[in-house]
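Below, each chain spelled out in residue letters.
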Amino acid sequence: MSSVKAEVIRPSEKPIPQEVYDKIDAFIEEQDNLEGALINVLHMAQGIMGYLPREVMVHVAKKMGVSAAEVYGVVSFYSFFSTKPVGKCKISICTGTACFVKGANVILEAFEKELGIKAGETTKDGMFSLREVRCIGACGLAPVINAEENVYGHIKVEDVKRIIQEQTDIIFGKKEE
Ligand code: FES
């Protein structure tokens, strides 16, 4: 049985600029092997938009001659794809086995409480997105989280506020002394 969660994907709140579709089409036309290109195309589209709105997934499906269900299946399988707008700072909480046994669920709850959102959501001010990921390959540092370029290991609940503050300072460009 698949562990992929069913999710309603709503249309984008703003119209997608034609320029976005033009860039996606040009990228698709450059591909030699369309069959193996779907992930690359979706990656490129997410690079432009920051996420993959429903209209873009449907457009990619039509242009590449595959079903929308196939595109959505790929998008929902890989955690680096997002179907919702994401925050300036993406915080990923590893809930893989090693991190889970070291209390990753408690860390996740602490981030959810501090940011006022659940995993898979973005704060209303567009600053932070929170998500659960499976093993990020740093099990020796469990429990581990990743915030943009930074990996934080041996995380405790008391560290959560500090990490959010550090990332807020990075977003606003404050330099460390
Ligand atoms: S299980 Fe969390 S880094 Fe491996």
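Check the entry above for the structure.
Below you will find a few notes about this structure.

1. Observations regarding the side chain of S82
Thought 1: Mapped onto the elements, S82 comes out in the loop between α4 (68–77) and β1 (89–94).
Thought 2: In terms of polar contacts, S82 uses its side chain to reach the backbone carbonyl oxygen of K84, at 2.8 Å.
Thought 3: Those residues within four positions of S82 in sequence are excluded, and the remaining contacts are Q46, Y51 and L52.

2. Concerning the sheet that holds strand β2 (residues 128–133)
Thought 1: One open sheet holds the four strands; their spatial order is β2-β1-β3-β4, and the pairing between them is mixed. The sheet is open, and its two borders are formed by β2 and β4 (150–152), each paired with just one other strand. Looking at each pair of strands side by side, their axes are set apart by 20° on average, direction ignored.
Thought 2: Relative to β4, helix α7 (residues 160–171) is tilted by about 170°, and along the sheet it contacts β1, β2, β3 (145–147) and β4.

3. Quick word on the nonpolar core
Thought 1: Core analysis: the biggest nonpolar cluster contains 20 residues, and I24, L42, L52, V56 and V60 have the highest contact counts within it.
Thought 2: Contributing elements (two or more residues each) for this core: α1 (18–30), α2 (38–49), α3 (54–64) and α4.
Thought 3: It is α3 that contributes the most residues to this core, five residues altogether.
Thought 4: Not counting chain neighbours up to four residues away, the residues in contact with V60 comprise I24, L38, V41 and L42.
Thought 5: One finds I93, I117, I155 and V160 within the second-largest nonpolar core, a separate group that totals 19 residues.

4. Some points on a nonpolar patch on the surface
Thought 1: On the surface, I136, L141 and V151 cluster together to form a nonpolar patch covering roughly 230 Å² of accessible area.
Thought 2: Topologically, L141 is positioned in the loop between β2 and β3.

5. Describing the pairing of β1
Thought 1: Summarising burial for β1: five of the six residues are buried, a large majority.
Thought 2: Here six bridges tie β1 to β2, and the two strands are oriented parallel to one another. Looking at β2, one finds that C94 is bridged to V133.

6. Re helix α6 (residues 104–115)
Thought 1: Taking 1.5 Å of rise per residue, 12 residues should cover 16 Å, and α6 covers 16 Å from first to last C-alpha, within 8% of that figure.
Thought 2: Listing the buried residues of α6 in full gives A104, I107, L108, A110, F111, E112 and L115.
Thought 3: Of the surrounding secondary structure, the elements contacted by the buried residues of α6 are β1, α5 (97–101), β2, β3 and α7.
Thought 4: Two residues or fewer after α6 comes G116, characterised by a positive phi angle close to 70°.

7. A short note on the environment of L34
Thought 1: Here L34 shows up in the loop between α1 and α2.
Thought 2: Looking at L34, the relative accessible area reads 36%, which means it is partly exposed.
Thought 3: Sequence-wise, L34 and T122 are 88 residues apart; in three dimensions their C-alpha atoms are separated by 33 Å.
Thought 4: Those residues within four positions of L34 in sequence are excluded, and the remaining contacts are I28 and M64.

8. Topic: unusual backbone geometry
Thought 1: Note the cis peptide between A142 and P143, where omega equals -5°.
Thought 2: Secondary-structure assignment places P143 in the loop between β2 and β3.
Thought 3: Positive phi, close to 50°, is recorded for E148, a residue that is not glycine.
Thought 4: Notably, H154 is not glycine yet its phi reads approximately 50°, a positive angle.
Thought 5: The residue H154 is located in the loop between β4 and α7 in this model.
Thought 6: Overall, the relative accessible area of 47% leaves H154 in the partly exposed class.

The rules we used
Residues numbered from 1 in each chain as written. Predicted model: local features only at pLDDT ≥ 70, side-chain atom pairs only at ≥ 80, totals over all residues. Heavy atoms only, no water. Helix = DSSP H or I, 4+ residues; strand = E, 2+ residues; numbered from the N terminus. Polar contact = N/O pair within 3.5 Å; in protein donor to acceptor, adjacent residues only side chain to side chain. Contact = heavy atoms within 4.5 Å. Pairing = 2+ DSSP bridges. Axes fitted to C-alpha atoms, helices over the stretch in contact; angles between N-to-C directions. Core = buried A, V, L, I, M, F, W, Y, C linked by side-chain atoms within 4.5 Å. Buried < 20%, exposed > 50% of the residue type's maximum accessible area, 1.4 Å probe, protein only. Patch = residues over 30% accessible without salt bridge, like charges linked within 9 Å, V, L, I, M, F, W, Y side chains within 5 Å. Areas by Shrake-Rupley, 256 points an atom, 1.4 Å probe, with all protein chains shown as cover. Salt bridge = Lys/Arg side-chain N within 4 Å of Asp/Glu carboxyl O. Expected span 1.5 Å × (residues − 1).

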